[in-house]
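A closer look at the structure
Below are the chains, spelled out letter by letter.
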Amino acid sequence: MTRNPQTAGRLRPVDLARRHGLSTQAVRNYEAAGILPAAGRTAHGYRTYTPLHAAALGTFLALVPGHGHATATAIMRAVNRDDPPEALRLVDESHVQLLEDRRALDAVERALHDLGPGAVPESGDGAGPGAMFVGPLAGRLGIRPATLRKWERAGIVTPRRDPRTGYRVYDRADARDAAMAHQLRRGGHRLEQIAPLIAQVRAAGGPEPLAAALRDWHGRVAARGRAMLAGAAELDAYLLERERPTRAQGPHRPQDT
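None of these values were measured; they are calculated from a predicted model. (Residues numbered from 1 in each chain as written. Predicted model: local features only at pLDDT ≥ 70, side-chain atom pairs only at ≥ 80, totals over all residues. Heavy atoms only, no water.)

**With respect to the sheet that holds strand β3 (residues 131-133)**
- Strand order in the open sheet formed by 3 strands is β3-β5-β4, and the pairing between neighbours is antiparallel. Because the sheet does not close on itself, it has two edges, and the strands there are β3 and β4 (160-161).
- Direction of pairing for β4 relative to strand β5 (residues 168-171): antiparallel, over a ladder of 2 bridges. The residue bridging Arg160 from the neighbouring strand is Val169, located in β5.
- Strands in contact with helix α6 (residues 134-141) are β3 and β5; relative to β3, the strand with the most contacts, it is inclined by about 95°. (Pairing = 2+ DSSP bridges. Helix = DSSP H or I, 4+ residues; strand = E, 2+ residues; numbered from the N terminus. Contact = heavy atoms within 4.5 Å. Axes fitted to C-alpha atoms, helices over the stretch in contact; angles between N-to-C directions.)

**With respect to the packing of α6 against helix α7 (residues 145-153)**
- Running from amino to carboxyl end, α6 crosses α7 at an angle of 105°, the nearest separation of the two axes being 8 Å. Of the possible angle classes, the one that applies to α6 and α7 is roughly perpendicular. The segment α6 lies against α7, with Val134, Gly135, Leu137 and Ala138 engaging Pro145, Leu148 and Arg149. (Parallel < 35°, antiparallel > 145°, perpendicular 65-115°, else oblique.)

**Section: the nonpolar core**
- Counting 33 residues, the largest nonpolar core has Leu137, Leu148, Trp151 and Ile156 as the members making the most contacts within it.
- Elements represented by at least two residues in this core include exactly α5 (84-114), α6, α7, α8 (172-186), α9 (191-204) and α10 (207-249). (Core = buried A, V, L, I, M, F, W, Y, C linked by side-chain atoms within 4.5 Å. Buried < 20%, exposed > 50% of the residue type's maximum accessible area, 1.4 Å probe, protein only.)

**Concerning the pattern of salt bridges**
- The final tally for this structure, using the stated rule, is 11 salt bridges.
- Residues Arg168 and Glu152 are paired through a salt bridge, measuring 2.5 Å at the closest nitrogen-oxygen approach. Of the two residues, Arg168 sits in strand β5 while Glu152 sits in helix α7, which places them 16 residues apart along the sequence. (Salt bridge = Lys/Arg side-chain N within 4 Å of Asp/Glu carboxyl O.)

**Some remarks on the confidence of the model for the protein**
- Mean pLDDT over the protein: 82, with 81% of residues reaching 70 or higher.
- In the model of the protein, α9 stands out as the element of lowest mean pLDDT, 80, in contrast to helix α4 (residues 69-80), which has the highest, 97.
- Here residues 1-7 is a poorly scored stretch, pLDDT under 50, and it has 24 contacts once near neighbours within four places are set aside; other chains count.
- In this model, residues 246-257 is a region of pLDDT below 50 whose contacts with residues beyond four sequence positions or in other chains number 24 contacts. (pLDDT = per-residue confidence, 0-100.)

If you want it as C-alpha coordinates, here you go:
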(Lines give C-alpha, C1' and ligand atoms only; values in the text may rest on other atoms or scores of the structure.)
Protein backbone atom coordinates (compact mmCIF):
# COMPACT_ATOMS: atom_id res chain seq x y z
CA MET A 1 0.00 0.00 0.00
CA THR A 2 1.38 3.45 -0.94
CA ARG A 3 2.27 5.53 2.08
CA ASN A 4 0.67 8.91 2.61
CA PRO A 5 3.46 11.51 2.88
CA GLN A 6 1.06 13.93 4.54
CA THR A 7 0.85 11.75 7.64
CA ALA A 8 3.92 9.51 7.63
CA GLY A 9 6.99 10.50 9.68
CA ARG A 10 6.14 13.21 12.15
CA LEU A 11 8.66 16.07 12.29
CA ARG A 12 9.03 19.01 14.65
CA PRO A 13 9.57 22.59 13.44
CA VAL A 14 13.14 22.38 14.70
CA ASP A 15 13.74 19.31 12.53
CA LEU A 16 12.92 21.29 9.38
CA ALA A 17 14.79 24.35 10.59
CA ARG A 18 18.06 22.61 11.42
CA ARG A 19 18.20 20.84 8.08
CA HIS A 20 18.51 24.18 6.27
CA GLY A 21 20.15 26.34 8.93
CA LEU A 22 16.93 28.24 9.59
CA SER A 23 15.18 29.35 12.75
CA THR A 24 11.97 27.67 13.85
CA GLN A 25 10.28 31.05 13.48
CA ALA A 26 11.29 31.13 9.82
CA VAL A 27 9.63 27.75 9.32
CA ARG A 28 6.45 29.02 10.97
CA ASN A 29 6.59 32.16 8.80
CA TYR A 30 6.91 30.04 5.66
CA GLU A 31 3.88 28.05 6.70
CA ALA A 32 1.89 31.23 7.38
CA ALA A 33 2.87 32.53 3.92
CA GLY A 34 1.54 29.38 2.23
CA ILE A 35 4.99 28.18 1.19
CA LEU A 36 4.45 25.04 3.27
CA PRO A 37 1.20 23.10 3.54
CA ALA A 38 -0.74 23.67 6.74
CA ALA A 39 0.83 21.84 9.68
CA GLY A 40 -0.93 19.24 11.76
CA ARG A 41 -1.43 19.81 15.48
CA THR A 42 -0.94 17.58 18.50
CA ALA A 43 -3.54 17.28 21.22
CA HIS A 44 -1.66 20.07 23.03
CA GLY A 45 -1.67 22.34 19.99
CA TYR A 46 1.96 21.89 18.93
CA ARG A 47 2.73 21.95 15.20
CA THR A 48 3.76 18.71 13.57
CA TYR A 49 5.28 18.45 10.14
CA THR A 50 5.85 15.53 7.76
CA PRO A 51 8.27 14.63 4.97
CA LEU A 52 5.90 16.47 2.61
CA HIS A 53 6.55 19.70 4.53
CA ALA A 54 10.27 19.02 4.43
CA ALA A 55 10.03 18.55 0.65
CA ALA A 56 8.08 21.81 0.31
CA LEU A 57 10.71 23.74 2.25
CA GLY A 58 13.53 22.24 0.20
CA THR A 59 11.68 23.05 -3.01
CA PHE A 60 11.11 26.66 -2.02
CA LEU A 61 14.75 27.20 -1.07
CA ALA A 62 15.81 25.63 -4.39
CA LEU A 63 13.48 27.93 -6.36
CA VAL A 64 14.61 31.19 -4.75
CA PRO A 65 18.05 31.53 -6.44
CA GLY A 66 16.58 31.21 -9.93
CA HIS A 67 13.20 32.89 -9.55
CA GLY A 68 13.57 35.26 -6.62
CA HIS A 69 11.76 35.19 -3.28
CA ALA A 70 8.45 36.66 -4.46
CA THR A 71 8.02 34.38 -7.48
CA ALA A 72 9.20 31.30 -5.55
CA THR A 73 6.59 32.11 -2.90
CA ALA A 74 3.86 32.48 -5.52
CA ILE A 75 4.86 29.16 -7.13
CA MET A 76 4.68 27.30 -3.81
CA ARG A 77 1.35 28.89 -2.90
CA ALA A 78 -0.11 27.75 -6.21
CA VAL A 79 1.14 24.19 -5.73
CA ASN A 80 -0.11 24.00 -2.16
CA ARG A 81 -3.59 25.10 -3.17
CA ASP A 82 -3.60 22.33 -5.79
CA ASP A 83 -3.12 24.63 -8.78
CA PRO A 84 -0.06 23.24 -10.65
CA PRO A 85 -0.99 25.00 -13.92
CA GLU A 86 -0.62 28.38 -12.22
CA ALA A 87 2.69 27.32 -10.70
CA LEU A 88 4.00 26.25 -14.10
CA ARG A 89 2.80 29.50 -15.66
CA LEU A 90 4.87 31.42 -13.10
CA VAL A 91 7.87 29.26 -13.91
CA ASP A 92 7.38 29.99 -17.61
CA GLU A 93 7.26 33.74 -16.92
CA SER A 94 10.61 33.56 -15.15
CA HIS A 95 12.13 31.75 -18.11
CA VAL A 96 10.75 34.42 -20.46
CA GLN A 97 12.34 37.12 -18.30
CA LEU A 98 15.65 35.26 -18.32
CA LEU A 99 15.51 35.03 -22.12
CA GLU A 100 14.80 38.77 -22.32
CA ASP A 101 17.80 39.41 -20.08
CA ARG A 102 19.99 37.33 -22.39
CA ARG A 103 18.73 39.24 -25.42
CA ALA A 104 19.32 42.57 -23.70
CA LEU A 105 22.85 41.51 -22.87
CA ASP A 106 23.47 40.53 -26.49
CA ALA A 107 22.00 43.84 -27.67
CA VAL A 108 24.26 45.88 -25.40
CA GLU A 109 27.32 43.98 -26.58
CA ARG A 110 26.39 44.53 -30.22
CA ALA A 111 25.76 48.22 -29.60
CA LEU A 112 29.09 48.60 -27.82
CA HIS A 113 30.82 46.86 -30.72
CA ASP A 114 29.19 49.27 -33.16
CA LEU A 115 30.36 52.26 -31.09
CA GLY A 116 33.80 52.09 -32.59
CA PRO A 117 36.02 55.06 -33.47
CA GLY A 118 33.93 57.87 -34.94
CA ALA A 119 30.61 56.42 -33.79
CA VAL A 120 30.16 59.14 -31.16
CA PRO A 121 29.65 62.56 -32.77
CA GLU A 122 32.24 65.22 -32.00
CA SER A 123 31.39 68.75 -30.96
CA GLY A 124 31.42 71.49 -33.54
CA ASP A 125 28.44 73.79 -33.16
CA GLY A 126 29.64 76.31 -30.61
CA ALA A 127 27.87 74.69 -27.65
CA GLY A 128 31.12 74.53 -25.72
CA PRO A 129 34.00 72.08 -25.42
CA GLY A 130 32.79 68.55 -26.09
CA ALA A 131 29.13 69.58 -26.42
CA MET A 132 26.56 70.34 -29.12
CA PHE A 133 22.97 71.46 -29.59
CA VAL A 134 20.06 69.21 -30.50
CA GLY A 135 20.01 69.94 -34.24
CA PRO A 136 23.64 69.12 -35.02
CA LEU A 137 23.57 65.98 -32.84
CA ALA A 138 20.39 64.75 -34.50
CA GLY A 139 21.88 65.47 -37.93
CA ARG A 140 25.07 63.55 -37.22
CA LEU A 141 23.09 60.54 -35.96
CA GLY A 142 20.67 60.67 -38.89
CA ILE A 143 17.59 61.17 -36.72
CA ARG A 144 15.12 64.01 -36.12
CA PRO A 145 15.51 66.49 -33.23
CA ALA A 146 12.06 65.37 -32.05
CA THR A 147 13.47 61.87 -31.59
CA LEU A 148 16.16 63.16 -29.22
CA ARG A 149 13.51 65.03 -27.23
CA LYS A 150 11.44 61.83 -27.03
CA TRP A 151 14.52 59.96 -25.79
CA GLU A 152 15.01 62.64 -23.17
CA ARG A 153 11.47 62.10 -21.85
CA ALA A 154 12.25 58.37 -21.68
CA GLY A 155 15.37 59.05 -19.59
CA ILE A 156 17.79 57.86 -22.25
CA VAL A 157 19.62 61.17 -22.62
CA THR A 158 19.86 63.95 -20.03
CA PRO A 159 21.01 67.16 -21.73
CA ARG A 160 21.63 70.30 -19.71
CA ARG A 161 20.21 73.70 -20.67
CA ASP A 162 22.32 76.57 -21.89
CA PRO A 163 21.87 79.28 -19.21
CA ARG A 164 21.81 82.08 -21.83
CA THR A 165 19.58 80.60 -24.52
CA GLY A 166 17.72 77.78 -22.73
CA TYR A 167 18.67 75.42 -25.57
CA ARG A 168 19.44 71.79 -24.86
CA VAL A 169 23.15 71.07 -24.73
CA TYR A 170 24.44 67.53 -25.17
CA ASP A 171 27.86 66.68 -23.79
CA ARG A 172 30.01 63.82 -25.04
CA ALA A 173 28.37 61.30 -22.64
CA ASP A 174 24.94 62.32 -23.95
CA ALA A 175 26.16 61.90 -27.52
CA ARG A 176 27.50 58.45 -26.64
CA ASP A 177 24.21 57.44 -25.03
CA ALA A 178 22.24 58.77 -28.01
CA ALA A 179 24.47 56.84 -30.45
CA MET A 180 24.04 53.66 -28.42
CA ALA A 181 20.27 54.18 -28.20
CA HIS A 182 20.22 54.65 -31.97
CA GLN A 183 21.93 51.30 -32.46
CA LEU A 184 19.53 49.57 -30.07
CA ARG A 185 16.50 51.13 -31.76
CA ARG A 186 17.76 49.90 -35.11
CA GLY A 187 17.91 46.45 -33.51
CA GLY A 188 14.20 46.64 -32.70
CA HIS A 189 14.38 47.43 -28.99
CA ARG A 190 11.71 49.56 -27.36
CA LEU A 191 12.48 52.74 -25.41
CA GLU A 192 11.42 51.17 -22.13
CA GLN A 193 13.98 48.42 -22.77
CA ILE A 194 16.73 50.81 -23.80
CA ALA A 195 16.53 53.24 -20.86
CA PRO A 196 17.74 50.75 -18.18
CA LEU A 197 20.52 49.57 -20.48
CA ILE A 198 21.78 53.12 -20.99
CA ALA A 199 21.56 53.60 -17.22
CA GLN A 200 23.94 50.67 -16.80
CA VAL A 201 26.41 52.27 -19.19
CA ARG A 202 26.30 55.48 -17.15
CA ALA A 203 26.64 53.61 -13.86
CA ALA A 204 29.69 51.74 -15.17
CA GLY A 205 31.33 55.00 -16.26
CA GLY A 206 31.12 54.42 -20.02
CA PRO A 207 31.38 51.63 -22.59
CA GLU A 208 34.94 50.65 -21.70
CA PRO A 209 34.31 49.92 -18.00
CA LEU A 210 30.97 48.34 -18.94
CA ALA A 211 32.77 45.74 -21.05
CA ALA A 212 34.19 44.22 -17.86
CA ALA A 213 30.80 44.46 -16.14
CA LEU A 214 29.23 42.56 -19.04
CA ARG A 215 31.37 39.54 -18.21
CA ASP A 216 29.89 39.55 -14.72
CA TRP A 217 26.44 39.98 -16.24
CA HIS A 218 27.03 36.88 -18.39
CA GLY A 219 28.00 34.97 -15.27
CA ARG A 220 24.89 36.04 -13.37
CA VAL A 221 22.61 35.10 -16.26
CA ALA A 222 24.26 31.69 -16.59
CA ALA A 223 24.07 31.09 -12.83
CA ARG A 224 20.38 31.99 -12.81
CA GLY A 225 19.74 29.55 -15.66
CA ARG A 226 21.46 26.74 -13.75
CA ALA A 227 19.55 27.65 -10.60
CA MET A 228 16.29 27.42 -12.52
CA LEU A 229 17.23 23.92 -13.63
CA ALA A 230 17.95 22.88 -10.05
CA GLY A 231 14.71 24.44 -8.84
CA ALA A 232 12.74 22.70 -11.60
CA ALA A 233 14.06 19.31 -10.49
CA GLU A 234 13.00 19.97 -6.89
CA LEU A 235 9.61 21.29 -7.98
CA ASP A 236 8.96 18.24 -10.14
CA ALA A 237 9.84 15.93 -7.25
CA TYR A 238 7.53 17.87 -4.92
CA LEU A 239 4.66 17.70 -7.41
CA LEU A 240 5.13 13.94 -7.70
CA GLU A 241 5.18 13.61 -3.91
CA ARG A 242 1.89 15.50 -3.64
CA GLU A 243 0.32 13.33 -6.33
CA ARG A 244 0.94 10.08 -4.43
CA PRO A 245 -2.13 10.33 -2.16
CA THR A 246 -4.19 11.33 -5.20
CA ARG A 247 -3.30 8.15 -7.02
CA ALA A 248 -3.70 5.89 -4.02
CA GLN A 249 -6.41 7.44 -1.89
CA GLY A 250 -8.22 10.16 -3.86
CA PRO A 251 -7.85 13.94 -3.87
CA HIS A 252 -5.30 15.53 -1.56
CA ARG A 253 -6.71 17.76 1.17
CA PRO A 254 -4.47 19.69 3.59
CA GLN A 255 -5.03 18.96 7.26
CA ASP A 256 -7.05 21.40 9.30
CA THR A 257 -5.10 23.63 11.67
